[in-house]
Amino acid sequence: MNHLQFSLQQTPSLADIPALAADTFHNELVDMIKSGRLVLAYFCIPASDGAGELFAILAGENDLCALRSEPLKEFESTARECPQTQLFEREIHENHGILPRNHPWLKAVRITPDAPGKTHDADYGFYRIQGAQTHEVGVGPIHAGIIEPGHFRFQCYGENVLNLEIALGYQHRGIEKMLMRLPAFDSINQQRLRLVECIAGDASVAYATAQCTVWEKMAGITQLPPLIQRVRRIGLELERLACHCGDLGAIAGDTGFLPTSSWNGRIRGDFLNLTASLCGNRFGRGYICPGGVSHYPGPAECQDLLGRLAASGRDAIGSCNAMFASASVRDRMAGTGALSRQQALELGLVGVAARACGVEWDARFQFPLSYLPSYGSRIRIARDGDVLARAHVRFEELEDSLNLVKMDLQWLAENPGEDKKGPANIDLQPDMVGVGLVESWRGVVCHVSITGADGNLAACKFVDPSFHNWIGLAMAMRNGQISDFPLCNKSFNLSYCGHDL
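Presented here is an overview of the structure given in this document. For every chain, the first residue of the written sequence is number 1, and numbering continues from 1 along that sequence. Whole-chain, interface and lining totals are the exception, using all residues; otherwise, since this is a predicted model, local features are given only for residues with pLDDT of at least 70 and side-chain atom pairs are given and counted only at 80 or more. With hydrogens and water stripped out, all remaining heavy atoms of the structure feed into the side-chain values.

**As for the pairing of strand β4 (residues 52–59)**
Exposure classes here rest on a 1.4 Å probe applied to the protein chains alone. A residue is buried below 20% of its type maximum, exposed above 50%, and partly exposed in between. Secondary structure counts use DSSP, requiring at least four H or I residues in a row for a helix and at least two E residues in a row for a strand, with both numbered from the N terminus. Along β4, eight of the eight residues are buried, which leaves the element largely enclosed by surrounding structure. Alternating positions in β4 separate into two faces, G52, L54, A56 and L58 on one and E53, F55, I57 and A59 on the other, with burial throughout. Remark: five residues form the turn of the hairpin made by strand β3 (residues 38–46) and β4, two consecutive strands paired antiparallel; D49 in that turn has positive phi of roughly 55 degrees. The sheet contact formed by β4 and strand β5 (residues 64–69) spans five bridges and is antiparallel. Of the residues in β5, the one forming a bridge with F55 is R68. Pairing between strands is defined by DSSP: at least two bridges between the two strands are required. Linking two consecutive strands that pair antiparallel, namely β4 and β5, is a turn of four residues.

This is the structure in structure tokens:
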């Protein structure tokens with residue numbers, strides 16, 4: 001076998017992953033993608049003399065596969081055969097100068113002037129459509145209001161969008177390089193974990209959970225007590241509640257339905273305040289720690305949280321039902337920004353964007369962090385792949401999250417635990433590959449860590465769901481109206497900084 005197959009609970013040795021020749025690596029990667037596997041991470045580990053080893057992690061229904069190449073300086077691109085790899089290969093070239101031969105679209109991924117494969121901004125070369133009746137509309141990177149920077153270049157024929165190209169990278173902070181300069185585990189101030197929580201601030205709990213599960217597995221901690229699992233799940237689901245509620249309100253605002261837009265803005269704050277009650281931070285920073293959590297709510301605290309959750313949940317459901325009951329709102333969302341299931345699979349979309357196209361993939365179910373009861377929650381999908389489908393998936397997941405948090409708080413009220421953090425120190429095992437998958441509210445967060453012979457971190461890679469999904473937004477706008485863009489963009493609600501790292 002040319003690859004290593006393993007479960008999420010396993011932490012394989014680097015030596016167990018065979019180093020393949022470039023052609024073998026290429027063929028194996030293409031075959032696995034065409035068999036239906038999703039590329040979770042695809043990156044380069046620098047070697048000597050400007051060469052590097054390619055490394056890929058792919059997900060099947062319930063297992064993972066790891067692929068690794070021998071050191072190389074160039075390789076044959078897989079992007080023409082498998083479009084979901086095109087952005088990963090562009091990133092490999094930009095970060096390491098290793099050439100993917102015959103790549104169909106080898107452009108900059110981020111604005112990183114010191115990157116080995118970086119082209120000058122003036123040479124970016126936006127795609128253009130020529131014709132007397134076509135025109136071009138450029139939006140950003142500076143936008144009206146408080147919003148992150150990104151550039152959107154529309155090629156239009158009248159109001160019809162023929163092509164949208166999205167240029168990002170203005171938020172690039174070099175977080176992965178910074179992480180490599182910090183200790184893998186610092187028992188004094190945990191600098192690395194604090195930095196990870198800032199990769200995408202609206203998914204702080206998801207990122208911290210991914211980081212800590214990788215640390216725990218690489219240190220030989222295979223199972224956490226149910227108490228810790230429950231408290232961690234509460235944090236993840238409260239994060240999902242706040243963001244889904246906010247997104248549904250933003251979608252309502254762009255359809256002109258102001259009641260839900262206003263109500264959800266307030267209700268989102270209520271969910272954030274529930275998180276603040278648990279850990280002192282509305283975005284959950286400092287909530288997750290290696291081997292545990294920062295605080296376990298006691299019985300009285302659980303009862304208080306249950307009362308506030310019920311009130312906020314009732315308001316959120318009522319607000320969203322009012323929006324979906326409006327015929328004009330449904331008509332505005334239906335058919336707007338639609339993608340097919342086949343497009344979602346070919347592009348490797350994840351999260352709400354994929355499930356709205358009928359793709360039954362959710363890391364909470366295929367790759368659960370624990371074996372806690374699901375209390376009736378399941379993978380929520382829609383079929384039409386449009387704004388209405390994305391809104392419905394969010395709403396159904398919001399209802400599931402309300403029930404999960406309720407049941408977990410009730411369990412905690414009856415099974416109180418000792419209020420303590422995780423172990424004081426964690427020693428990572430040498431020459432290991434750790435993979436963490438967490439279904440954030442936006443989609444799957446993937447973290448890969450590799451240790452060297454001394455047990456110190458040799459390589460790390462984070463992949464945000466937005467890295468998979470920005471191309472989906474661009475494709476969803478094709479043959480649509482340029483006036484649909486704000487609504488379509490809100491329905492994806494992707495992260496600039498999560499993409500840019």
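**A look at the sheet that holds strand β13 (residues 433–439)**
Two modes of strand pairing occur in sheets, parallel and antiparallel, and in both the strands are linked by backbone hydrogen bonds. The strand order β13-β14-β15 describes an open sheet built from three strands, whose pairing is antiparallel. Looking at strand neighbours, the two that pair on one side only are β13 and β15 (457–463), the edges of this open sheet. The sheet shows a mean angle of 10 degrees between the axes of neighbouring strands, taken without regard to direction. Where β13 lies against strand β14 (residues 444–451), seven bridges are found, and the strand directions are antiparallel. Note that in β14 the partner of V433 across the bridge is I450. Axis definition: a line fit to C-alpha positions, over the contact stretch in the case of helices; interaxial angles, taken between N-to-C directions, run 0 to 180 degrees.

**Some details on the sheet that holds strand β8 (residues 134–139)**
Strand order in the open sheet formed by three strands is β8-β9-β10, and the pairing between neighbours is antiparallel. What marks the edges here is a single partner per strand, and that holds for β8 and β10 (160–167). For this sheet, the mean inter-axis angle between neighbouring strands, taken without regard to orientation, is 20 degrees. Taken together, the seven bridges between strand β9 (residues 151–157) and β10 define a ladder with antiparallel strand orientation. Across the sheet, H151 pairs through a bridge with A167, a residue of β10.

**So, the packing of helix α6 (residues 226–255) against helix α15 (residues 485–492)**
Put simply, α6 and α15 touch, their axes get as near as 9 Å, and they point 170 degrees apart. Judged by the inter-axis angle, α6 sits roughly antiparallel to α15. Across the interface between the two elements, A250, I251, D254 and T255 from α6 touch P486, L487, K490 and S491 from α15. Throughout, the ten residues Ala, Val, Leu, Ile, Met, Phe, Trp, Tyr, Cys and Pro are labelled nonpolar, Asp, Glu, Lys and Arg are labelled charged, and all others, Gly among them, are labelled polar. Taken together, the residues of the contact of α6 with α15 sort by class into four nonpolar, two polar and two charged. These descriptions rest on fixed angle ranges, namely under 35 degrees for roughly parallel, over 145 for roughly antiparallel, 65 to 115 for roughly perpendicular, and the rest for oblique. Whether two residues are in contact is decided by their heavy atoms, any of which lying within 4.5 Å being enough.

**Looking at the environment of P465**
Looking at the element boundaries, P465 is found in helix α14 (residues 465–476). Not counting residues up to four positions away in its chain, the partners in contact with P465 are V350, S440, R442, G443, V444 and V445.

**A word on the packing of aromatic side chains**
Planes of paired rings set the category: under 30 degrees apart is stacked, over 60 is edge-to-face and the rest tilted, where pairs are Phe, Tyr or Trp rings (Trp by its six-membered ring) whose centres lie within 6.5 Å. Tallying each qualifying case throughout the model produces eleven aromatic pairs. Plain terms: the ring middles of F324 and F395 are 5.6 Å apart, the flat faces sit at 55 degrees to each other, and that makes the pair tilted. Placement of F324 in helix α8 (residues 299–324) and of F395 in helix α13 (residues 387–414) is noted, with a sequence separation of 71 residues between them. The two residues F324 and F395 agree in class, both being buried. An aromatic cluster of three or more residues is present, and its members are F152, F154, W470, F485 and Y496. Geometry around F126 places R153 over its ring, the cationic atom sitting 3.9 Å from the centre. A ring has a charge above it when a Lys NZ or an Arg CZ is no more than 6 Å from the ring centre and no more than 35 degrees off the ring normal.

**Notes on empty space enclosed by the protein**
Buriedness for pockets is judged along seven lines, at least five of which must meet protein on both sides within 12 Å for an open set on the 1 Å grid over protein atoms alone, while cavities are sets there where a 1.4 Å probe fits but cannot get out, and lining residues have an atom within 4 Å of a point. Grid points are joined across faces, edges and corners, and a volume is the space filled by probe spheres set on the points. Using the criterion set out here, one finds five cavities of 30 Å³ or more in the structure. Considered as a void within the structure, the largest cavity measures approximately 100 Å³ in volume. Lining the largest cavity we find 14 residues, and of these D202, E239, L272, R282 and F283 sit closest to its centre. At the level of secondary structure, the elements contributing two or more residues to the lining of the largest cavity comprise α6 and α7 (258–279). Sort the elements by how many residues they give to the lining of the largest cavity and α6 lands first, with five residues. Considered class by class, the residues forming the lining of the largest cavity number six nonpolar, four polar and four charged. Estimated volume of the second largest cavity: approximately 50 Å³.

**What about α7?**
If you check α7, its first and last C-alpha atoms are 32 Å apart, about what 22 residues at 1.5 Å a residue would give, namely 32 Å. Among the residues of α7, T260, N264, I267, G269, F271, L272, L274, T275 and L278 are the ones counted as buried. The secondary structure elements touched by the buried residues of α7 are α6, α8 and α13. To estimate the expected span of a helix, count its residues, drop one, and scale the result by 1.5 Å.

**Some details on the pairing of β13**
The buried fraction of β13 amounts to seven of the seven residues, a majority that puts the element mostly inside the structure. The side-chain alternation of β13 yields two buried faces, one formed by V433, V435, L437 and E439 and the other by G434, G436 and V438. Between β13 and β14, which follow one another and run antiparallel, lie four residues, and G443 among them has a positive phi close to 150 degrees.

**Here we look at unusual backbone geometry**
Across the junction of G140 and P141, the peptide omega takes the value 15 degrees, indicating a cis bond. Checked against the element boundaries, P141 lands in the loop between β8 and β9. The phi angle at N479 is positive, at roughly 65 degrees, despite the residue not being glycine. Residue placement: N479 occurs in the loop between α14 and α15. Classification of N479 by relative accessible area gives exposed; the value is 65%.

**Concerning the side chain of T78**
Mapped onto the fold, T78 is located in the loop between β6 (74–76) and α2 (86–96). A relative accessible area of 1% means that T78 is categorised as buried. We define a polar contact as two N or O atoms separated by no more than 3.5 Å, with the added condition that, inside protein, one atom must be a possible hydrogen donor and the other a possible acceptor, whereas residues neighbouring each other in sequence contribute only through side-chain atom pairs. Of note is the side chain of T78, whose polar atom sits 2.9 Å from the side chain of E89. Once residues lying within four places of it in the same chain are set aside, the contact partners of T78 are H26, L29, V30, T85 and E89.

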